[in-house]
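Residues per chain are reported as follows:
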Amino acid sequence: MRVLSGVQPSGALHIGNYFGAIRQFVELQHEHDCYYFLADLHALTSVHDADRLRGLVTDLATAFLALGLDPGKAALYRQSDLPEIPELTWYLSTVTSMGLLQRCHSFKDKVAQGVIPSHGLFAYPVLMAADVLIVRANVVPVGRDQKQHLEVTRDIVASFHATYGREVFTMPEPMIGDEVAVVPGLDGQKMSKSYGNTIDLFGPEKEIRQRIMSITTDSTPVEAPKPKEGNALYGLLKLFAPAGERAWVEAAFDEGGTGYGEMKKRLFAYYLATFGEARRRFEELRRHPEEVEAVLRSGAERARAIAVPLMDEVRAIVGIR
Ligand code: ADP
Ligand code: TRP
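Below or above, wherever it landed, is the structure these notes cover. (Residues numbered from 1 in each chain as written. Chains lettered and ligands numbered in written order. Predicted model: local features only at pLDDT ≥ 70, side-chain atom pairs only at ≥ 80, totals over all residues. Heavy atoms only, no water.)

The next subject is the overall build of the chain. For the chain, the helix and strand inventory stands at 13 helices and five strands. Relative to the compact-globule value of 20 Å for 321 residues, the chain shows a C-alpha radius of gyration of 22 Å, a close match. Along the first, second and third principal axes, the C-alpha atoms of the chain reach 75 × 45 × 35 Å. Looking at the chain as a whole, 48% of its 321 residues are labelled buried. Put simply, 78% of the contacts in the chain that link residues at least 6 apart link residues at least 24 apart. Averaging the coordinates of the 36 positive side-chain charges in the chain and doing the same for the 41 negative ones gives two points 1 Å apart. (Helix = DSSP H or I, 4+ residues; strand = E, 2+ residues; numbered from the N terminus. Rg over C-alpha atoms; globule rule 2.2 N^0.38 Å. Buried < 20%, exposed > 50% of the residue type's maximum accessible area, 1.4 Å probe, protein only. Contact = heavy atoms within 4.5 Å. Lys, Arg positive; Asp, Glu negative; His and termini not counted. Charge placed at Lys NZ, Arg CZ, Asp CG, Glu CD.)

To continue, consider the packing of aromatic side chains. Evaluated as defined, the whole model comprises 16 aromatic pairs. On the basis of an interplanar angle of 90 degrees and a centroid distance of 5.5 Å, the ring pair of F19 and F240 is categorised as edge-to-face. Placement of the pair is F19 in helix α1 (residues 15-28) and F240 in helix α10 (residues 232-240), with a sequence separation of 221 residues. Given a relative accessible area of 4%, F19 falls into the buried group. Sitting above the plane of the Y260 ring, K226 keeps its charged end 5.8 Å from the centroid. The residue whose ring lies beneath R266 is W248, and the NZ or CZ to ring-centre distance is 3.6 Å. (Phe/Tyr/Trp six-rings, centres within 6.5 Å; stacked < 30°, edge-to-face > 60°. Lys NZ or Arg CZ within 6 Å of the ring centre and 35° of its normal.)

Summed over the entire model, instances satisfying the criterion amount to 18 salt bridges. Measuring nitrogen to oxygen at the nearest pair gives 3.2 Å for the salt bridge that ties R54 to D51. Placement of the pair is R54 and D51 together in helix α3 (residues 50-66), with a separation of three residues, close to one helical turn. Overall, D51 belongs to the exposed group, its relative accessible area being 59%. D312 is paired through a salt bridge with R315; the nearest N and O atoms lie 3.1 Å apart. On the criterion of helical spacing, the pair formed by D312 and R315 is a turn pair, its members being three residues apart in helix α13 (residues 289-318). (Salt bridge = Lys/Arg side-chain N within 4 Å of Asp/Glu carboxyl O.)

F37, Y124, M128, D131 and Q146 are the nearest of the 13 residues found near ligand 2. Within the side chain of D131, an N or O atom sits 2.7 Å from a nitrogen atom of ligand 2. Summarising the interface, the protein chains cover 89% of the accessible area of ligand 2, which totals 370 Å² for the free molecule. Secondary structure elements with two or more residues in the shell around ligand 2: β1 (2-7), α7 (119-134) and β4 (139-142). (Near = heavy atom within 4 Å. Polar contact = N/O pair within 3.5 Å; in protein donor to acceptor, adjacent residues only side chain to side chain. Areas by Shrake-Rupley, 256 points an atom, 1.4 Å probe, with all protein chains shown as cover.)

By the criterion of burial, strand β2 (residues 33-38) is predominantly enclosed, with five of the six residues buried. Sheet topology note: the β1/β2 ladder contains six bridges and is parallel. Residue pairing across strands places L4 opposite Y35, the latter belonging to β2. With α1 bridging β1 and its parallel neighbour β2, the resulting β-α-β unit is right-handed. As paired strands, β2 and strand β3 (residues 75-78) are joined by four bridges and run parallel to one another. Looking at the pairing, L38 lines up with R78 of β3. (Pairing = 2+ DSSP bridges. Right-handed = clockwise from strand over helix to strand, strands pointing away.)

Shown next as structure tokens:
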């Protein structure tokens, strides 16, 4: 089975991205033929600073490797290293109805968050369809927020096939990780870089500690039992606590006697136990950007081995050259 997914290099990675996406990507590489890419063309819808974008791409690639992506198994590449993707996007655009794109929630959501309502942002799902089709992916692991985009991809495939009377593309299926709960941010809302409530995966330890110590809590006295429902600190402790410490977490909330400050210190210790090794690998790899670059180049070659012959077929079907 061929698996594909992409992540936008549009900000520092946070633990929500790890538990909601990257952890699954890394696990899937052991069983399937996996293609993962850094969606830099998509990121251009919100990042308009060349140096910043290049830095974000390198950091994201470094993060994937530090978090366990094995380039001997999965292909990791930059979207922009496949010129076939924007070319295919155009062919797909000509069979995509305006109405289909007008129904997408994410355009409206992003505009509400302050992203420029550009044509690129509106056409974003067509570029996404090209990402998926270009390597003939069967399955696309994504978060719930991307499910509609996968449905758009499927509609575009059907429309292309109906228009030209040829079944050239592989129909992809979304794979939605239901079992992954939404990771709460410092303020109890969904953790998201757009809400400024994240705990990052990388970056100075001191800052991470400060962020954890600033998790919003109520004013329950130390001696009293603490509410768990809607409590961001409880949600995060549950996510991180190793099996042997889960009973401690439950007792700390149910029985009282443990202050929020002490719980936050534990959470920081669990964070380091979970990500300390990856954080060290990240720093080490950062000193060798040429190794990261070599991984991206060889990943792009693997993807192009599928994309180039597919595009020969597509051009023949649409009548270009
Ligand atoms: P952000 O909301 O910070 O902009 P993205 O939309 O770039 O994050 O998300 C990238 C991936 O990480 C997606 O697959 C998304 O489902 C997952 N993800 C992001 N935030 C969370 C969260 N709080 N909990 C679980 N998964 C998340
Ligand atoms: N839009 C996805 C996100 O924001 C990233 C993405 C771009 C993607 N192209 C894709 C995901 C193709 C899966 C398949 O998370």
